[in-house]
Amino acid sequence: MARFTILAALFLVMLSVVNASTENQTGQQSRRCQREMQGMRMNMCQQYLQQSAHGRGMETANPTGQMRRQCCREMGEVSENCRCQAIDMMMQDMMQRGEYQGQEMREMMQTARQLPSMCNMRPQYCEIHETGRSSGRCQGEMQRMHMNMCQQYLQQSTQGLVMVTTNPTGQMKRQCCREMGEVSENCRCEAVNMMIHDMMQRGEYQGQEMREMMQTARQLPSMCNMRPQYCEIRGTGY
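Note that the structure is a prediction, hence the values are computed from the model and not measured. (Residues numbered from 1 in each chain as written. Predicted model: local features only at pLDDT ≥ 70, side-chain atom pairs only at ≥ 80, totals over all residues. Heavy atoms only, no water.)

Participant: What should I look at first to understand the packing of helix α8 (residues 148–159) against helix α11 (residues 207–218) in this one?
Facilitator: The relative placement of two packed helices is expressed as an angle between their axes plus a distance between the axes. Relative to each other, α8 and α11 sit at 125°, their axes nearing to 9 Å. On the basis of their axis angle, the class for α8 and α11 is oblique. Crossing handedness for the pair α8 and α11: right-handed. Seen from α8, the contacting residues are Tyr153, Leu154, Gln155, Thr158 and Gln159; seen from α11, they are Glu209, Glu212, Met213, Thr216 and Ala217. Partitioning the contact of α8 with α11 into residue classes produces 4 nonpolar, 4 polar and 2 charged. (Axes fitted to C-alpha atoms, helices over the stretch in contact; angles between N-to-C directions. Helix = DSSP H or I, 4+ residues; strand = E, 2+ residues; numbered from the N terminus. Parallel < 35°, antiparallel > 145°, perpendicular 65-115°, else oblique. Left-handed = near helix turned anticlockwise from the far one by under 90°. Contact = heavy atoms within 4.5 Å. Nonpolar A, V, L, I, M, F, W, Y, C, P; charged D, E, K, R; others polar.)

The structure is reproduced here in structure tokens:
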């Protein structure tokens, strides 16, 4: 019995080590992809998805066939292991802008999942985080809302510019909380996710600065005495 207990304990220790190693490798891969995609916006792939959803196959001066080839060139500039993350971030950016919803967004999402396959590249299929089933309602609520003061608050807090500027962090915190208060409770974490993905896509912050901003972002509603107390941020590797 004692021997069995020891073996079980050793198994659990080994399992936890394997899980920790896997999580660390996943995080490292995600950070490599973020460095690779710095400043990359996949503009032609976005236009291809929009044109496809609108059914404008040959009606424009820049038909979908040409856009598809240009999109495939963009996909070819991203390494195989990073393509799905690039597509996920592209779709998060499009959802944040709130220009497409409902059936149009579902059609674009379905096409986006198969972009590498369409370009005869791997992987054949990409999973895209749809930010929950409340996504459509939240997108309508957050349309044209970019959480600018919360972004500035995260940047200022990370840089330690508390009292150096004419708009100190304390004031930015209050302005950020006003922005958070304009978002319904069920959509706050989605708003935080979209804000962070937008900041990551711009590629202005990496490494320790991004980790610090991410940690603060997860607790923004709590900081403002709002619910939920903690937001999970997806697809970042931090």
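Participant: Where do I start with unusual backbone geometry in this structure?
Facilitator: Residues other than glycine predominantly adopt negative phi, and peptide bonds predominantly adopt the trans conformation. Omega for the bond connecting Arg122 with Pro123 falls within 30 degrees of zero, at -5°, which places this linkage in the cis form. Tracing the sequence through the fold places Pro123 in the loop between α6 (115–118) and α7 (135–142). A cis geometry characterises the amide bond from Arg227 onward to Pro228, with omega recorded as -5°. Relative to the elements of secondary structure, Pro228 occurs in the segment after α12 (220–223). With a phi angle near 55°, Asn120 is a residue other than glycine that sits in the positive phi range. Position of Asn120 among the secondary structure elements: in the loop between α6 and α7. In this structure, Asn225 takes a positive phi of about 60° despite not being glycine.

Participant: Looking at this structure, I do not really get the confidence of the model for the chain. What am I missing?
Facilitator: Any segment with low pLDDT has predicted coordinates that should not be analysed in fine detail. Summarising the model, the chain shows a mean pLDDT of 77, and 71% of its residues fall at 70 or more. Within the chain, helix α1 (residues 2–36) has the poorest average pLDDT of any element, 56, and α6 the best, 94. pLDDT under 50 marks residues 16–27. Its contacts with residues more than four places away, or in other chains, come to 1 contact. In this model, residues 57–61 is a region of pLDDT below 50 whose contacts with residues beyond four sequence positions or in other chains number 4 contacts. (pLDDT = per-residue confidence, 0-100.)

Participant: What is the right way to look at empty space enclosed by the protein in this model?
Facilitator: Throughout the structure, instances matching the rule amount to 2 cavities of 30 Å³ or more. Its volume calculated, the largest cavity comes out at about 70 Å³. Taken together, Gln34, Met37, Gln38, Met40, Met42, Ala86, Met89, Met90, Met200 and Gln201 make up the full set of residues lining the largest cavity. The set of elements that each furnish at least two residues to the lining of the largest cavity consists of α4 (83–97) and α10 (188–202). Across the lining of the largest cavity, the residue classes break down as 7 nonpolar, 3 polar and no charged. Considering only enclosed or pocket space, the second largest cavity measures out at about 40 Å³ in volume. (1 Å grid on protein atoms, 1.4 Å probe; cavity = no way out; pocket = protein on both sides within 12 Å on 5 of 7 lines; lining within 4 Å. Points joined across faces, edges and corners; volume = space filled by probe spheres on them.)

Participant: It is not clear to me how the side chain of Gln155 should be interpreted in this structure. Could you clarify?
Facilitator: Relative to the elements of secondary structure, Gln155 occurs in helix α8. You can call Gln155 buried: its relative accessible area is 16%. Leave out the neighbours within four places in its chain, and Gln155 touches Met199, Arg202, Glu204, Tyr205 and Met213. (Buried < 20%, exposed > 50% of the residue type's maximum accessible area, 1.4 Å probe, protein only.)

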